[in-house]
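Given next are the chains, with one letter for each unit.
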Protein chains: 2
Amino acid sequence: MTSPLHPILAPQSVAVIGASADPTKRGFKAIQGLIRDGFAGAVYPVNPKEQTILGLPVVPSVEALPEGVDLALICTPAATLPDLVARCGKQGVKGAVVLASGFSEVDAAGAELEQAMLDAARSSGIRLIGPNTSGVFNLHSKLNLLALQNVKPGKVGIISQSGNMLLSLALEAQSNGHIGFSTYVGPGNQSDLDFADYLQYLAEDPDTGVATLYVEGFKQGQRFLEVARQTALKKPLVVYKSGSTEAGQRAASSHTGALAGSYAMNLDLLRQAGATVVSQSDEILPVAEGLSLLPNAQGNRVAVLADGGGQATIASDRLSEAGLELAELSAETRDALRQILLPQASLVNPVDVAGSSDADPTVLAQCLAVLNRDENVDMVFLVGMFGGYSLRFDASLEPAELAAAESMAQLQQHSDKPLLVYSLYSHVKPLPLIRLREAGLPVYDSIEHAVKVMAALAERGVFLRRAAAPAVSAEIQSGATQVLITALQAGRNLLEPEARALLRGYDVMLPEEILVRDVSELDAAWVQLGAQPLAMKVVSEDILHKSDAGGVKLNLQGTDALLQAREAILNACRAYAPQARIEGVMLTPMSRAGTEVIIGMSRDPVFGPVMMFGLGGIFVELLADVAFRSVPLSRDDAAGMLAQIKAQKVLQGARGAEVVDQEALIELLLKVSVLVQNHPQILELDLNPVIARADGCSVVDARVIVQSEAAH
Amino acid sequence: MTSPLHPILAPQSVAVIGASADPTKRGFKAIQGLIRDGFAGAVYPVNPKEQTILGLPVVPSVEALPEGVDLALICTPAATLPDLVARCGKQGVKGAVVLASGFSEVDAAGAELEQAMLDAARSSGIRLIGPNTSGVFNLHSKLNLLALQNVKPGKVGIISQSGNMLLSLALEAQSNGHIGFSTYVGPGNQSDLDFADYLQYLAEDPDTGVATLYVEGFKQGQRFLEVARQTALKKPLVVYKSGSTEAGQRAASSHTGALAGSYAMNLDLLRQAGATVVSQSDEILPVAEGLSLLPNAQGNRVAVLADGGGQATIASDRLSEAGLELAELSAETRDALRQILLPQASLVNPVDVAGSSDADPTVLAQCLAVLNRDENVDMVFLVGMFGGYSLRFDASLEPAELAAAESMAQLQQHSDKPLLVYSLYSHVKPLPLIRLREAGLPVYDSIEHAVKVMAALAERGVFLRRAAAPAVSAEIQSGATQVLITALQAGRNLLEPEARALLRGYDVMLPEEILVRDVSELDAAWVQLGAQPLAMKVVSEDILHKSDAGGVKLNLQGTDALLQAREAILNACRAYAPQARIEGVMLTPMSRAGTEVIIGMSRDPVFGPVMMFGLGGIFVELLADVAFRSVPLSRDDAAGMLAQIKAQKVLQGARGAEVVDQEALIELLLKVSVLVQNHPQILELDLNPVIARADGCSVVDARVIVQSEAAH
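Criteria and cut-off values
Residues numbered from 1 in each chain as written. Chains lettered and ligands numbered in written order. Predicted model: local features only at pLDDT ≥ 70, side-chain atom pairs only at ≥ 80, totals over all residues. Heavy atoms only, no water. Helix = DSSP H or I, 4+ residues; strand = E, 2+ residues; numbered from the N terminus. Buried < 20%, exposed > 50% of the residue type's maximum accessible area, 1.4 Å probe, protein only. Contact = heavy atoms within 4.5 Å. Areas by Shrake-Rupley, 256 points an atom, 1.4 Å probe, with all protein chains shown as cover. Lys, Arg positive; Asp, Glu negative; His and termini not counted. Charge placed at Lys NZ, Arg CZ, Asp CG, Glu CD. Pairing = 2+ DSSP bridges. Least-squares fit on C-alpha atoms with pLDDT ≥ 70 in both. Phe/Tyr/Trp six-rings, centres within 6.5 Å; stacked < 30°, edge-to-face > 60°. Core = buried A, V, L, I, M, F, W, Y, C linked by side-chain atoms within 4.5 Å. Buried area = accessible area lost by both parts, 1.4 Å probe. Salt bridge = Lys/Arg side-chain N within 4 Å of Asp/Glu carboxyl O. Polar contact = N/O pair within 3.5 Å; in protein donor to acceptor, adjacent residues only side chain to side chain. Axes fitted to C-alpha atoms, helices over the stretch in contact; angles between N-to-C directions. Parallel < 35°, antiparallel > 145°, perpendicular 65-115°, else oblique. Nonpolar A, V, L, I, M, F, W, Y, C, P; charged D, E, K, R; others polar. pLDDT = per-residue confidence, 0-100. Expected span 1.5 Å × (residues − 1).

### Regarding the overall build of chain A
Here comes step 1: Within chain A, the regular secondary structure consists of 25 helices and 30 strands.
Here comes step 2: The principal-axis extent of the C-alpha atoms belonging to chain A is close to 95 × 80 × 40 Å.
Here comes step 3: In chain A, which comprises 712 residues, the share counted as buried stands at 58%.
Here comes step 4: When contacts within chain A are restricted to residue pairs at least 6 apart in sequence, those whose partners lie at least 24 apart make up 71%.
Here comes step 5: Accessible surface computed for chain A: about 26,500 Å², of which carbon and sulfur atoms make up 50%.
Here comes step 6: Of the side-chain charges in chain A, 55 are positive and 78 negative, and the distance between the mean point of each set is 2 Å.

And the structure:
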């Protein structure tokens, strides 16, 4: 209850500025809604021209308000706002909901007006919700400034950048009849208060059991992720993010930079912070409800109990697609089921009772109890006609069905394994299903939604078990800083030998390299590097894309070969970039063959430093099969990146590839995370390729793009 | 109306064998349902012990039935069936619905019983539905043998292998209130009549506007695909196929064989036949309804009209994910919209009216008419609050909203472009939405469903435009047949030189090859092949996996290299397979570099010959990024295979690859299609790799597995 927004979002007094006697106006409807719902605090309509509105005495001006009103709903046009906000602030109003549009979302003049309003708020101490917001409600405080009808108080808190999305959720809840809401906020332009502020409020609000967000874009992504993580440790957080079709590719100097900012990156970072991401709008409420009512799963093994083969099959399909497993039932479980069920029942998961429950639906509850006890089972999923037996077969079955519902409710109450019920009859709302819902067991009207909830419960279980893992950190290496400052002062990015030195400063192992500035040094270098096949690359601050410039030669043996290669490289680079300052060529031993991966970092304008991992070549460039995490990484984050990519099997030795040392890659990810966290001068970093093998990994090419400290 | 099943599925008379006076029994409920619904034909309860049931006189035995009853519903246990079916057949009963389970789905004894029943049916001329079926209904004939309540007659025909799925659809239709059904059949074990038979009936049934199928598995896949294609030419066909999690990989001698049979192959073949495949159970009815009511789309360009930004964004996301495009609106359209809308409206697709319709919802109808006229627009999609304006804003808006609904209905009636309406208020069923539905315009309760319908309308449009394209065929090459017969007689698969000869017989261009049986022939071969880098492969009927055996050497230059390579190959192969009969080694010029693809064929036990196309290496083996089509291929089928794969960009030159000659690949696919169609002796075929380049493609390796004619 420590949120600074508590007075504003659970106010004791509300002023409606621009109150109206016209029943079609928002300034009327809001007051009507407060009176209708029985808001317990004071309501002050403010209007210079009216005497009373809906029986309430009207206050003629902001200055005539009592000192320290908690919340003002401002219904007047954009142009009035800077002045009104300043006056409200002066009068001690704590927060204002600004409905008007016509600010930064429209044009530059609007943005100026918004800034003036924000300045007025900052100097007078009032906080702003909006502008361009659909408003707020807090149903437990009977504060419903949207004057929405037919919404009931409940556990679901909502922050939605679309008023229509809120309306859609409210209508969906009205239609299914069993979901209620706590607080809603439309963040609008997020001029002052933003997503992170509202989420912090919901995290601390005892009336909110689950926070759900519809997000188009974040303003302060890094702060949001931190608040999201703190929230997710306390209660579930469901996010529906739009923008999947936005151009994800950016102009950038690194592969990582080009892929960062994508929709996929947004989802990776949200999940890393513990949010449950849904990808269809009709999943928001079912998933939020399930997460708020059911215990988290300790694993991903599901036992399915069905009273018909078809839907058992469909459930299996959807479970597998969602990354969940059909639990392998223990011998005890199968024996116990055999006692309960008819001989034709299938005792292999999915369990099909095959008519055993037609005459006695309590059989289902007995089976669920058996499945719940099995140590190989993390979640139990009932699929089929339950709730409709008396409708489908015979009315005389209702008492047995109600008894079964009671048993299921009891079972869930005494178990920490989730029990999910999908019923064909969900839409019909028969009494047994109403009883289940009253007892706090959600009932789903589609197999898909129930499966999505199970996946979310399992994912949240993993998050909570891992949440204690600290991000890795290490001391700042002053030598490393010096390399960066030197480059910055020279107005250039790191040369490859410098990038390698930087990495070595953080204990990254790299093959030895020699920078050859003069042709006379080639012989000594050949000997010093052990007279083995070498790679040669141009070293020039002006040539970022070395291969494109013809600046790379591989597999060179002997000094003659080195001599020719150097000539060829210098000629090609001079042709490619005649003005380029060339330091020389760098020689390194050829890396042994292995699996090429890429590890990179980019500073996202919204989310700050993010790291990327993927397999090299086609996988990154064509399939964008990469994983992102925000910096700093925990060990679990790093391991999660390896586990996430679709081509993960390649790391495990698919297609005759070597089984690679994943631990070495995780270590490398963590070292790079520490490096980039310590040095804000690094704008982008690509280690590409890194060659992963059974006995470790080695960085073959390192590119570091720098920025002045001022830029971050 | 020519379906042989018409007397059975639209019967004039029904016998209920195993009729019962017990109200909980199926033999009672079916009669009750027929009476309740007003079935116009004769109903004959058959039971040796009862006199009357529900007021109907009971017939004591099958032999006491009048001659030629159309349909018998048999409610007695499995063991009675062979005898009963024989007696029914003798009495001239045309068809029987066999409810009993306990046949081939259970065990070998059940399978024997099923065969005995089938023999009885075949010899007496009666047709069987089931056994192990949930039953049938034909609501237009008031024949409802499932005695389902609250289902209404309509256009949706259903064939479902799961009774619960039918029940689920019926309950969903009951809940949304606007979808009706024509005929339902549960195919059960498909002992006699199968999916193809029922689908043919629905195709010819004038009461059925759309056929929907829930399929777990097909028995005669090839016939089904042909019937599906014929059906899809007449009316939409929606298929929900379960089994996505079945092990798709089979033991096979070819890559194609290993990947065929997969769920993905099933979906490819269904789509090729013109079916609309849905992947979520809650999409079945919305998609079926949309396809049955709306015109097909002539392209994939959608204009979105929204009264709120959030859902416009979500619609854009989902459209793009579904492969649809946001239409680029013409200048005329934007001008016309500008006349109608307020200045703050967004005139770029998605069009956001931004409050322009709040006080007058007819504005939406005006905009829809403008968008509908735009030549760049194939479909128009209204998103938002329409239908709820009077609920959300003011009751006085209802007349305008009803007028808008009337205009929209008119618009659709006079247009061949689909108009889709998603409303937040769909669940609430306000009057304007009821009017839309009465006028034959579907209203969707989720953006996702509406988008799925648009994708289906566009896909069906493509199918119908392409449906005229003939499959390619060519004369059987007698030389080719001889090669196959020789190998079959020798009890072996084709040697590679034979496979190459076979392909040449169908005008497939291959690089020259020489089979070297003796070391003395190497010199001449080197000269004959042009003294250029060569590949050498072992030729042995006993070595299928040549690389595994060490039987391949590449890039050989000069006779010394050839000599050494031959030694090495022979030694390796003798070590690998000491008993192998080795014909010699085959020499071919090295192929120029290019993009490796695989073209293959496998005879699927269900669907017959299917062809596969994919990119080589990782794409096939790790990502299973392949496309399947059933043989024979049309040119559109072949082109569709290239267009379908995820790595399609590689063919277009991504990552610096050469832009390949796709036409050459299409030609090759068509030639192979003709080849395998003409020669049933070919069991599996892999051309792997085929190297595709800008100037054509060349087959580098060909493997042909044969089967005796008896096997097909």
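### Considerations on the pairing of strand E26 (residues 608–615) of chain B
Residues and elements named next belong to chain B.
Here comes step 1: Most of E26 is tucked away: eight of the eight residues are buried.
Here comes step 2: By the bridge criterion, eight bridges tie strand E25 (residues 595–604) to E26 in an arrangement that is antiparallel. Within E26, the position partnered with Ile599 by the bridge is Phe613.
Here comes step 3: The turn linking E25 back onto E26 is made up of three residues.
Here comes step 4: Pairing geometry for E26 and strand E27 (residues 626–630), over five bridges, is antiparallel. Of the residues in E27, the one forming a bridge with Met612 is Phe628.

### Observations regarding the relation of the copies chain B and chain A
Here comes step 1: Mapping chain B onto chain A leaves a residual RMSD of 0.1 Å; the transformation is a rotation of 180 degrees accompanied by 0.0 Å of translation along its axis. The superposition operator between the copies reduces to a two-fold rotation axis.
Here comes step 2: Looking at the interface residues of chain B, 100% of them are also at the interface in chain A, so both copies use one shared face.

### Describing the packing of aromatic side chains
Here comes step 1: Under the counting rule described, the total for this entry stands at 16 aromatic pairs over all chains.
Here comes step 2: An aromatic cluster is present here, built from Phe195(A), Phe218(A), Phe224(A) and Phe607(A) joined pairwise through their rings.

### Description of the nonpolar core
Here comes step 1: Among the nonpolar cores identified, the biggest contains 176 residues, and Phe181(A), Phe381(A), Met408(A), Phe181(B), Phe381(B) and Met408(B) are the most heavily contacted of them.
Here comes step 2: Once you skip the residues sitting within four places of it in the chain, Phe381(A) turns out to touch Val302(A), Ala303(A), Val304(A), Leu305(A), Ala315(A), Leu420(A), Tyr422(A), Ile447(A), Ala450(A), Val451(A) and Met454(A).

### Here's the deal with the pairing of E27(B)
Here comes step 1: Within E27(B), five of the five residues are buried, which leaves the element mostly enclosed by the surrounding structure.
Here comes step 2: What you see with E27(B) is no split at all: Val626(B), Phe628(B) and Ser630(B) on one side and Ala627(B) and Arg629(B) on the other are buried throughout.

### Looking at the interface of chain B and chain A
Here comes step 1: Facing 57 residues of chain B, the contacting portion of chain A comprises 58 residues.
Here comes step 2: Interface area for chain B against chain A, summed over the two sides, is near 4,700 Å², with a carbon-plus-sulfur share of 54%.
Here comes step 3: Counting every contact that joins chain B to chain A gives zero salt bridges.
Here comes step 4: On the surface where chain B and chain A come into contact, there are 14 residue pairs in polar contact (both at pLDDT 80 or more).
Here comes step 5: When contributions to the side of chain B that touches chain A are tallied by element, the ones reaching two or more residues are helix H5 (163–176), helix H11 (309–321), helix H22 (618–621) and helix H24 (648–651) of chain B.

### Section: the packing of helix H12 (residues 331–340) of chain A against helix H13 (residues 362–373) of chain A
Residue and element names in this part refer to chain A.
Here comes step 1: Put simply, H12 and H13 touch, their axes get as near as 10 Å, and they point 170 degrees apart. Compared by their axis directions, H12 and H13 come out roughly antiparallel. Across from Thr333, Ala336, Leu337 and Ile340 in H12, the residues of H13 making contact are Val363, Gln366, Cys367, Val370 and Leu371.
Here comes step 2: Residue composition of the contact of H12 with H13, by class: seven nonpolar, two polar and no charged.

### Here's the deal with the environment of Ala336(B)
All names here are of chain B.
Here comes step 1: Secondary-structure assignment places Ala336 in helix H12 (residues 331–340).
Here comes step 2: A relative accessible area of 22% means that Ala336 is categorised as partly exposed.
Here comes step 3: Ala336 sits 34 residues away from Val370 along the chain, and the two C-alpha atoms are 6.9 Å apart.

### A look at the pattern of salt bridges
Residue and element names in this part refer to chain A.
Here comes step 1: Under the defined criterion, the tally for this structure stands at 60 salt bridges over all chains.
Here comes step 2: One salt bridge connects Arg517 with Glu583, and the closest N-O pair in it is separated by 2.7 Å. Taken together, the positions of Arg517 in the loop between strand E21 (514–516) and helix H20 (522–528) and Glu583 in strand E24 (residues 582–589) put the pair 66 residues apart, joining distant regions of the chain.
Here comes step 3: A residue is classified by how much of its surface remains accessible, and Glu583, at 26% relative accessible area, is partly exposed.
Here comes step 4: Each of Glu496, Arg500, Arg504, Glu513, Lys537, Lys546 and Asp701 takes part in salt bridges that share partners, so that together they form one network.

### Re the environment of Gly614(B)
Residue and element names in this part refer to chain B.
Here comes step 1: By the element assignment, Gly614 lies in strand E26.
Here comes step 2: Counting along the chain gives 31 residues from Gly614 to Ile645, while the straight-line C-alpha distance between them is 6.8 Å.
Here comes step 3: When neighbours within four sequence positions are excluded, Gly614 is seen to be in contact with Val597, Ile598, Val620, Asp625, Val626 and Ile645.

### A few points about the sheet that holds strand E23 (residues 552–556) of chain B
Residues and elements named next belong to chain B.
Here comes step 1: Strand order across the open sheet formed by four strands is E21-E24-E22-E23, with antiparallel pairing between neighbours. Among the strands making up the open sheet, the edge pair consists of strand E21 (514–516) and E23. On average, each strand axis in the sheet is inclined to that of its neighbour by 25 degrees, with strand direction left out of account.
Here comes step 2: Where strand E22 (residues 534–540) lies against E23, three bridges are found, and the strand directions are antiparallel.

### Here we look at the confidence of the model for chain A
Here comes step 1: Per-residue pLDDT for chain A has a mean of 93; in total, 98% of the residues score no lower than 70.
Here comes step 2: Two summary scores accompany this predicted model of the complex, namely pTM at 0.92 and ipTM at 0.89.

### A look at helix H25 (residues 662–678) of chain A
Residues separated by three or four positions in an α-helix point in the same direction, a consequence of the helix having 3.6 residues per turn.
All names here are of chain A.
Here comes step 1: The end-to-end C-alpha separation of H25 is 24 Å, in line with the 24 Å expected for 17 residues at 1.5 Å each.
Here comes step 2: Within H25, 12 of the 17 residues are buried, which leaves it mostly tucked inside the rest of the structure.
Here comes step 3: Listed in full, the buried residues belonging to H25 are Ala664, Leu665, Ile666, Leu668, Leu669, Leu670, Val672, Ser673, Val674, Leu675, Val676 and Asn678.
Here comes step 4: Structurally, the start of H25 carries an N-cap: the backbone nitrogen of Glu663 is 3.2 Å from a side-chain oxygen of Asp661.

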